[in-house]
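Here's the letter readout for the chains.
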Amino acid sequence: MHNFYPGGHPNLDSALERSYALVKKAIDEAGEIKWRIDQKGFYSDKNPLAPSNPDAATLAKKVFFRRINAITFTSRITVKDMKVFLSMLRLEPEELAQKGGADHVLAAGDVTGILLNSQSYEDLLKIKKELEEKKRKEELVKEEKKKIEAEEGTSTKEEESKPPEEEEKTREESLAELLERIKDEKDAIRYRDLAARIKDKCALLLAAKKHRECALALFVFLDHTNEAWGMPEGIRSMAAERITECLDEEMLRHLIARVGNKDEPMRHDIQRILLHGGSPAIERLLDAVIAAPEAVSRRNYYNTIILFGPRIRTNVEARIPNAEWFVVRQMVSVLGDLGDEGALDALESAYKHEDARVKKEVLKSLVKLPSPRSTAVLIAAIEEQEESPVRQAVISHGLLKDTQAIDRLGKIALKRDPFAEP
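The rules behind the values
- Per chain, the residues get numbers from 1 upward, laid out in the order the sequence is written.
- Given that this is a predicted model, residues contribute local features only at a pLDDT of at least 70 and side-chain atom pairs are listed and counted only at 80 or more, while totals for whole chains, interfaces and linings are drawn from all residues.
- Excluding hydrogens and water, the side-chain values take into account all heavy atoms of the structure.
- A helix here means a DSSP run of H or I that spans at least four residues, while a strand means a run of E at least two residues long, and both kinds are numbered starting from the N terminus.
- In this scheme, a residue with accessible area under 20% of its type's maximum is buried, one over 50% is exposed, and one in between is partly exposed, where area comes from a 1.4 Å probe on protein chains only.
- Whether two residues touch is decided by their heavy atoms; if any such pair falls within 4.5 Å, the residues are in contact.
- Accessible areas in this description were obtained via Shrake-Rupley with a 1.4 Å probe; residue shielding takes into account the shown protein chains only.
- Angles here are taken between N-to-C directions and fall from 0 to 180 degrees, while the axes themselves are lines fitted to C-alpha atoms, restricted in helices to the stretch in contact.
- By the definition adopted for this analysis, an angle is roughly parallel if under 35 degrees, roughly antiparallel if over 145, roughly perpendicular if from 65 to 115, and oblique otherwise.
- By convention the crossing between two helices is left-handed if the near helix lies anticlockwise of the far one by an angle smaller than a right angle, and right-handed if it lies clockwise.
- Residue polarity follows a fixed list, in which Ala, Val, Leu, Ile, Met, Phe, Trp, Tyr, Cys and Pro are nonpolar, Asp, Glu, Lys and Arg are charged, and the others, Gly among them, are polar.
- We call two strands paired when DSSP finds no fewer than two bridges between them.
- Nitrogen and oxygen atoms within 3.5 Å of one another constitute a polar contact, given that in protein one can donate a hydrogen and the other can accept it, and given that sequence-neighbouring residues count only through two side-chain atoms.
- Between Lys or Arg on one side and Asp or Glu on the other, a salt bridge is scored when a side-chain nitrogen of the former is within 4 Å of a carboxyl oxygen of the latter.
- Stacked, tilted and edge-to-face are the three classes applied to pairs of Phe, Tyr and Trp rings, where Trp contributes its six-membered ring and a pair requires centres within 6.5 Å; stacked means planes under 30 degrees apart, edge-to-face means over 60, and tilted covers the rest.
- Among buried residues, the Ala, Val, Leu, Ile, Met, Phe, Trp, Tyr and Cys ones that are joined through side-chain atoms within 4.5 Å form a nonpolar core.

Asker: Explanation requested: the overall build of the protein in the structure shown.
Answerer: Looking only at helices and strands, the protein features 22 helices and five strands. The buried share of the protein, taken over its 422 residues, is 41%. At a minimum sequence separation of 6, the contacts of the protein that also span at least 24 residues come to 64%. If you sum the accessible surface of the protein, you get close to 24,100 Å²; carbon and sulfur atoms cover 52% of it.

Right, here's the structure in full:
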């Protein structure tokens, strides 16, 4: 049983991060995930999940024997939550009972995004507060014992330490501690104070080029900008401002490099962070998609660019004049996917490019911008001398289902050789 998730396995962290990325994406798209569990397996509503997978069945039995018959993954979930949950499963049922049960182990591990059975988030907070109170009382008992020992002469001055309260006053909080405090803070005044302190921490990290550490703060602020997180509007605005302030040139380069990495587990969140970077972010992304040597990286950059929507049309159009053919083709493709009819001027101009590959891409993009102007270009393209643009024009007309080109298409179909001279 203990070997189901072997601790220290070199692939465990990467596997967890990939699993987390998939779970987080599913939650962002469709809301929290709820599973029911019995000895035979996992179920979504009444539908069995991976019913023929023996590993899934073994895991379900393991979960069920720990008195867990339902699991809910919420938008608060983190990689740490998943690690704590899996660590809990490595405990034998007797060990788990001694620790107060699965819900107490999750609360002690500061889990916020996984709920068990009929538990609510408030129930989890209540258990956490009870555990904190218990810990505080234990510390008070230890402190009192030290005082008694000091009075009796059983400890020396060198062994004496500051009371915990005094240590708390003099010790500066780490970024991790500040992020933990702000995570669920909904009071605007306290949030503003914590956000300012986190901003100062991030400034030091950026100066020291510790971009990955600073990114942890951006992930927390990103959650707070999401309405689904339940933060007041004022706090959502403050969180967005803090993200923007941290996105200097080097931080943008760090995040964009991570977006292009095929194994990046946080790509979905990083993409959403980059949306706060405005024109500097889009310009660096356009540089990246043009320069990327690998197709996977180019696709990741491309998908990120499209998320910005029509507001970046002029940035994209500015890349077309005097550019190499492959750059023009990329920008034409982007203009089509942005879905802004304002790009028709640029697309009509790009169709005059001498390279047939560019012409073909323009005809593909026009399908995504249906209008009389798009139809006119497609009809004219049927009369092209080169075979590739004509074929694409025919395909594009078929996708548009436009009747205006029927006569010309009919003439092509009646030719013995569809692309021969009349």
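Asker: Is there a simple way to explain the packing of helix α13 (residues 267-274) against helix α15 (residues 295-307) in this structure?
Answerer: Geometry of a packed helix pair, given as the angle between the helix axes and the separation of the axes. Where α13 meets α15, the axes come as close as 9 Å, and the angle between the chain directions of the two elements is 45°. For the element pair α13 / α15, the angle class is oblique. Our pair here, α13 against α15, has a crossing hand that is right-handed. Mapping the contact onto sequence places Arg267, Gln271 and Leu274 in α13 and Asn300, Asn303, Thr304 and Leu307 in α15. Residues belonging to the contact of α13 with α15 are distributed by class as follows: two nonpolar, four polar and one charged.

Asker: Quick question: what am I supposed to make of the pairing of strand β2 (residues 41-44) here?
Answerer: It is a general feature of regular strands that their side chains alternate between the two faces of the sheet. Looking at chain direction, strand β1 (residues 33-38) and β2 are connected through three bridges and run antiparallel. Counted as the bridge partner of isoleucine 37 is phenylalanine 42 from β2. Counting the residues that bridge the hairpin from β1 to β2 gives two residues. Of the strand pairs in this sheet, β2 and strand β3 (residues 47-49) are connected by three bridges, and their pairing is antiparallel. What sits directly across from tyrosine 43, in β3, is proline 48. In this antiparallel pair of consecutive strands, β2 and β3, the connection spans two residues, and aspartate 45 shows a positive phi of 55°.

Asker: What exactly am I supposed to notice about the side chain of serine 365 here?
Answerer: Its place among the elements puts serine 365 in helix α19 (residues 356-367). A distance of 2.8 Å separates a polar atom in the side chain of serine 365 from the backbone oxygen of valine 332. Excluding anything up to four places from it in sequence, serine 365 contacts Val332, Ser333, Gly336 and Leu347.

Asker: Hey, could you run me through the sheet that holds strand β4 (residues 70-73) in this one?
Answerer: Consider a sheet: its strands pair through backbone hydrogen bonds, and that pairing is either parallel or antiparallel. Strand order in the open sheet made by the five strands is β3-β2-β1-β4-β5, with antiparallel pairing throughout. Two strands lie at the open edges of the sheet, namely β3 and β5 (114-116), each paired on one side alone. For this sheet the average axis-to-axis angle between neighbouring strands, irrespective of direction, equals 30°. In terms of strand pairing, β1 meets β4 through four bridges, oriented antiparallel.

Asker: Sorry, what's going on with the environment of arginine 67 here?
Answerer: Within the element layout of this structure, arginine 67 appears in the loop between α2 (54-64) and β4. Sequence-wise, arginine 67 and asparagine 117 are 50 residues apart; in three dimensions their C-alpha atoms are separated by 8.7 Å.

Asker: What am I meant to see in the pattern of salt bridges here?
Answerer: By the definition in use, this model includes 31 salt bridges. Taking the shortest distance from any N to any O, the salt bridge between aspartate 269 and arginine 272 comes out at 3.4 Å. Of the two residues, aspartate 269 and arginine 272 both sit in helix α13, three residues apart, roughly one turn of that helix. Arginine 272 carries the same exposure label as aspartate 269, and that label is buried. Among the ionic pairs, arginine 373 bridges to aspartate 345, the shortest N-O distance being 2.5 Å. Here aspartate 345 lies in helix α18 (residues 344-350) and arginine 373 lies in helix α20 (residues 372-381), a separation of 28 residues in the sequence.

Asker: What is the right way to look at the packing of aromatic side chains in this model?
Answerer: The description of an aromatic ring pair rests on the distance of the ring centres and on the angle between the ring planes. Here the structure, examined in full by the defined rule, presents four aromatic pairs. Note on tryptophan 35 and phenylalanine 73: the rings are 5.2 Å apart at their centroids and 75° apart in plane angle, and the pair reads as edge-to-face. On the criterion of sequence distance, the pair formed by tryptophan 35 in strand β1 and phenylalanine 73 in strand β4 is long-range, its members being 38 residues apart. Centre to centre, the rings of phenylalanine 64 and phenylalanine 65 are 6.4 Å apart; their planes meet at 55°, and the pair counts as tilted. For phenylalanine 64, a relative accessible area of 27% puts it in the partly exposed group.

Asker: Could you clarify how one ought to interpret the nonpolar core in this entry?
Answerer: Nonpolar side chains tend to gather and get buried jointly when the protein is soluble and globular. Formed by 102 residues in total, the largest nonpolar core has its most connected members in Ile71, Phe85, Met88, Ile114, Ile198 and Phe221. A total of eight residues in this core trace back to one element, the largest contributor, which is helix α10 (residues 211-225). Apart from the residues lying within four places of it in its own chain, the contact partners of isoleucine 198 are Leu175, Leu178, Leu179, Ile182, Ala217 and Phe221.

Asker: Before we go on, may I ask you to explain the environment of lysine 368 in this structure?
Answerer: Within the secondary structure, lysine 368 is located in the loop between α19 and α20. Residue classification places lysine 368 among the partly exposed residues on the basis of a relative accessible area of 40%. As for lysine 368 and glutamate 341, which are separated by 27 residues in sequence, their C-alpha atoms are 9.3 Å apart. Discounting residues that sit within four places of it in the chain, lysine 368 has contacts with Gly336 and Asp337.

Asker: Got a minute to help me understand the packing of helix α17 (residues 325-338) against α19 in this structure?
Answerer: One way to put it is that α17 packs onto α19 with a least axis distance of 9 Å and a crossing angle of 5°. In terms of axis orientation, α17 runs roughly parallel to α19. Residues Trp325, Val328, Arg329, Val332, Ser333 and Gly336 of α17 form the contact with α19, whose own contacting residues are Arg357, Val358, Glu361, Val362 and Ser365. Looking at the contact of α17 with α19, its residues break down into five nonpolar, three polar and three charged.

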